[in-house]
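This is what each chain is made of:
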Amino acid sequence: MTALAPDEWQALALSLRVGLLSVIGALPFALGLAWLLSRKRFPGRLLLEALLFLPLILPPVVTGYALLALFGTHGPLGRALDSIGIVVAFRWTGAVIAAAVMGFPLLVLSIRVAFDNVDRRLEAAAETLGAGAWRRFTTIVLPLSLRGIAAGCVLAFARAFGEFGATISFVSNIPGETRTLPIAIYELLNTPGGMPGVHRLAIVSLIVAFAAAAGAAVIAAGAPWRRSHRD
Amino acid sequence: MIELSLCHAYADLALDLAFRSDARTLALFGDSGAGKTSVLNAIAGLLTPQSGRIALDGECLIDTAQGICVPVAQRRIGYVFQDGRLFAHLNVRRNLLYGTDARNPQSGIEFATIVDLLELNSLLERRPLTLSGGERQRVAIGRALLSHPRALLLDEPLTGLHAQARKQVLDYLRRLKRELRVFTVLVTHQADEVGALADEVVRLSAGRIVRQMPIAQFVARRVASAASSRSESG
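The sections below set out a description of the structure shown in this document. (Residues numbered from 1 in each chain as written. Chains lettered and ligands numbered in written order. Predicted model: local features only at pLDDT ≥ 70, side-chain atom pairs only at ≥ 80, totals over all residues.)

A count of helical and extended segments in chain B gives seven helices and eleven strands. Computed over its C-alpha atoms, the radius of gyration of chain B comes to 18 Å, within 12% of the 17 Å expected for a compact globule of 234 residues. Projected onto its principal axes, the C-alpha positions of chain B cover 55 × 55 × 30 Å. The burial tally for chain B puts 42% of its 234 residues in the buried class. Within chain B, contacts between residues separated by at least 24 positions form 69% of all contacts whose residues are at least 6 apart in sequence. (Helix = DSSP H or I, 4+ residues; strand = E, 2+ residues; numbered from the N terminus. Rg over C-alpha atoms; globule rule 2.2 N^0.38 Å. Buried ≥ 20, exposed ≤ 12 C-beta atoms within 10 Å, placed from the backbone. Contact = placed C-beta atoms within 7 Å.)

This paragraph deals with the overall build of chain A. If you tally the helices and strands in chain A, you get eleven helices and zero strands. Ordered by position in the sequence, the α and β elements of chain A form the string α-α-α-α-α-α-α-α-α-α-α. Principal-axis analysis of the C-alpha atoms gives chain A an extent of 65 × 45 × 30 Å. Split into buried and exposed, the 231 residues of chain A put 37% on the buried side.

Residue and element names in this part refer to chain A. The interhelical angle for the contact between helix 3 (residues 60–71) and helix 5 (residues 92–116), taken along N-to-C directions, is 130 degrees, at an axis separation of 11 Å. Relative to helix 5, helix 3 is oriented oblique. With respect to the hand of their crossing, helix 3 and helix 5 are arranged in right-handed fashion. Seen from helix 3, the contacting residues are Pro-60, Thr-63, Gly-64, Leu-67 and Phe-71; seen from helix 5, they are Gly-94, Ile-97, Ala-98, Val-101 and Met-102. In the contact of helix 3 with helix 5, the residues fall into seven nonpolar, three polar and no charged. (Axes fitted to C-alpha atoms, helices over the stretch in contact; angles between N-to-C directions. Parallel < 35°, antiparallel > 145°, perpendicular 65-115°, else oblique. Left-handed = near helix turned anticlockwise from the far one by under 90°. Nonpolar A, V, L, I, M, F, W, Y, C, P; charged D, E, K, R; others polar.)

With that settled, consider helix 5 of chain A. Here helix 5 of chain A spans 35 Å end to end across 25 residues, near enough to the 36 Å set by a 1.5 Å rise per residue. Bending of helix 5 of chain A peaks at approximately 45 degrees at the position of Gly103(A), with proline Pro105(A) no more than four residues after it. (Expected span 1.5 Å × (residues − 1). Bend = angle between axes of the 7 residues up to and from the residue.)

Attention now moves to the sheet that holds strand 6 (residues 68–69) of chain B. Residues and elements named next belong to chain B. Spatially, the five strands line up as an open sheet ordered 2-1-4-5-6, and their pairing is antiparallel. Each end of this open sheet is capped by a strand with a single partner; those strands are strand 2 (14–21) and strand 6. Pairing geometry for strand 5 (residues 59–63) and strand 6, over two bridges, is antiparallel. For Asp-63, the partnering residue across the bridge sits in strand 6 and is Ile-68. Here helix 1 (residues 36–44) sits on the sheet in contact with strand 1 (2–9), strand 2 and strand 4 (51–56), set at roughly 70 degrees to strand 4. (Pairing = 2+ DSSP bridges.)

As a further point, take the packing of helix 5 of chain A against helix 8 (residues 146–161) of chain A. Residue and element names in this part refer to chain A. At their nearest, the axes of helix 5 and helix 8 sit 8 Å apart, and the two run at 160 degrees to each other. By the angle class used here, helix 5 and helix 8 are roughly antiparallel. The interaxial crossing formed by helix 5 with helix 8 has right-handed handedness. For the pair helix 5 and helix 8, contact is made by Ala-99, Met-102, Gly-103, Leu-106, Leu-107, Ser-110, Ile-111, Val-113 and Ala-114 and by Arg-147, Gly-148, Ile-149, Ala-151, Gly-152, Cys-153, Leu-155, Ala-156, Arg-159 and Ala-160, respectively. Among the residues forming the contact of helix 5 with helix 8, the class breakdown is 13 nonpolar, four polar and two charged.

All names here are of chain B. Two strands pair when backbone bridges link them, and strand 10 (residues 200–205) and strand 11 (residues 208–214) are joined in this way by six bridges, in the antiparallel orientation. Residue pairing in the sheet places Ser-205 in a bridge with Arg-208 of strand 11. What sits between the antiparallel neighbours strand 10 and strand 11 is a turn of two residues, in which Ala-206 has the positive phi angle 50 degrees.

Both faces of the sheet carry side chains from a regular strand, because those side chains alternate between them. Residues and elements named next belong to chain B. As paired elements, strand 1 and strand 2 share eight bridges and run antiparallel to each other. In the strand pairing of strand 2, Ile-2 is matched with Ser-21. Taking the residues that link successive antiparallel strands as the turn, the strand 1-strand 2 hairpin has four residues. Sheet topology places strand 1 next to strand 4; six bridges connect them, and they run antiparallel.

Residues and elements named next belong to chain B. With mixed pairing, six strands are arranged side by side in an open sheet as 7-8-9-3-10-11. A single partner strand is all that each edge strand has here, and the edge strands are strand 7 (77–80) and strand 11. Across the sheet, the mean angle from the axis of one strand to that of its neighbour is 15 degrees, orientation sign disregarded.

Turning next to the nonpolar core. Ala98(A), Leu107(A), Ile111(A), Ala27(B), Ile43(B), Leu153(B) and Val185(B) are the most contacted members of the largest nonpolar core, which has 118 residues in total. Broken down by element, the residue count for this core peaks at 16 residues, all from helix 5 of chain A. Not counting the four nearest positions on each side in its chain, Leu153(B) is found in contact with Leu40(B), Ile43(B), Ala44(B), Ile77(B), Gly78(B), Tyr79(B), Val80(B) and Val185(B). (Core = buried A, V, L, I, M, F, W, Y, C linked by C-beta atoms within 7 Å.)

What follows is about the interface of chain B and chain A. Taken together, the contact between chain B and chain A spans 21 residues of the former and 19 residues of the latter. Where the side of chain B that touches chain A is concerned, the elements lending two or more residues are strand 7 and helix 2 (92–103) of chain B. Taken together, the residues of the side of chain B that touches chain A break down into twelve nonpolar, five polar and four charged.

This next bit is on the environment of Gly194(A). All names here are of chain A. Looking at where Gly-194 falls in the secondary structure, it is placed in the loop between helix 10 (181–189) and helix 11 (195–220). Classification of Gly-194 as partly exposed rests on a count of 16 C-beta atoms within 10 Å. Taking the C-alpha atoms as reference points, Gly-194 and Ser-22, 172 residues apart in sequence, are found 29 Å from one another. Those residues in contact with Gly-194 that lie beyond four places of it in its chain are Leu-188 and Leu-189.

Between its first and last C-alpha, helix 7 (residues 133–144) of chain A extends 15 Å over twelve residues, near the 16 Å set by a 1.5 Å rise per residue. Where helix 7 of chain A is buried, its residues touch helix 5 and helix 6 (120–128) of chain A.

Residues and elements named next belong to chain B. Tracing the chain through its elements places Glu-135 in helix 4 (residues 133–145). According to the C-beta neighbour criterion, Glu-135 is buried, with 24 such atoms within 10 Å. In this structure, the C-alpha to C-alpha distance between Glu-135 and Glu-119, residues 16 residues apart in sequence, is 9.5 Å.

Okay, structure coming up:
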């Protein structure tokens with residue numbers, strides 16, 4: 001296998017950047033929503049859960065179209081962002097939004113399960129010790145959920161790294177701007193003589209996927225405080 | 001001084017009780033399911049009774065008639081749970097300081113005092129899962145005391161410990177009672193724990209008070225009851 005061509009490096013770098021930034025950007029919202037779903041009962045909760053699942057169920061192309069309708073230059077959010085000089089449609093920032101939206105349900109679900117698994121009696125103990133809601137969240141719930149949060153980040157990153165349908169619908173295929181790794185592979189598949197490039201990028205995808213899976217396995221291996229030295 | 005009246009119905013138990021006590025250590029004594037832990041939870045604020053009033057040293061913690069309910073975190077109640085409930089991700093030192101950090105008290109029992117009294121010095125850097133049952137309970141007691149409490153609640157603190165650890169923790173509790181002046185409510189179904197620690201006893205059965213008595217009377221009744229059983233069997 002020969003080395004990656006410059007435009008292939010560009011696609012890889014863009015995919016890594018989009019994957020990382022989409023997780024970083026979505027994480028605070030995912031933490032908030034997961035906490036809400038795990039700890040609170042409120043009207044409309046079921047509807048919110050159904051909405052959360054939508055990106056997993058809808059064809060990605062439809063999600064991309066919906067993003068274009070919202071964030072395009074004629075969309076309500078697109079116009080608002082445009083008025084402060086921010087354009088996301090057909091830009092790499094739009095690819096980050098598309099990847100974040102597609103990975104968001106996986107991120108929220110992983111974190112929510114982690115929050116659900118935190119022993120509420122520990123939170124009650126912290127409360128009797130004078131800890132308010134924010135302190136209980138940051139000192140008890142978050143540290144005890146770290147594995148679930150990290151696993152969710154890995155899953156969301158993997159989903160974002162492989163994102164294709166919503167991205168190509170929302171931000172198209174612009175070399176150097178929105179051509180992510182999966183889009184580059186698709187482009188090469190449709191280009192005469194592009195198969196060597198497809199093979200190279202497929203191997204790169206495999207390496208990144210393996211690294212993400214290995215990361216998830218390390219996380220699942222457990223935190224040091226879970227190891228007991230005595231009964 | 002504690003003044004308590006509360007009514008609360010569960011599916012299988014109806015709590016309906018009222019008492020007041022000036023004792024430094026008050027024992028809630030009774031069989032499992034009598035409602036003892038529910039009373040502790042109501043004092044700590046972890047249970048909101050359907051109706052009732054609880055006041056400590058004249059300060060109202062809850063009064064359902066007047067719509068008063070002090071939040072749990074602001075009640076300054078040190079609660080030692082039956083299962084310890086130490087934070088597994090924090091070492092013993094961080095566990096002990098958790099309440100101190102949360103409340104940031106300007107006065108109160110000092111860290112060094114508690115570490116000395118409960119002999120925790122060698123445990124400070126260890127994780128809770130590496131401790132024995134007795135060590136865990138000592139840390140839980142220390143953590144509760146360091147949260148600057150106006151009252152200490154002990155929920156069956158010796159249950160589940162083997163005989164040697166039980167004796168050891170009991171000795172520490174006696175020492176704390178002697179050296180620190182913290183109002184304590186002890187929940188237990190073991191008469192010897194009541195005799196060793198309490199000044200006054202409230203005996204509960206099926207959510208109601210059977211009898212409230214000073215410790216001397218409780219001990220005398222136990223002695224008489226034991227003598228009567230011996231003469232019947234002999």
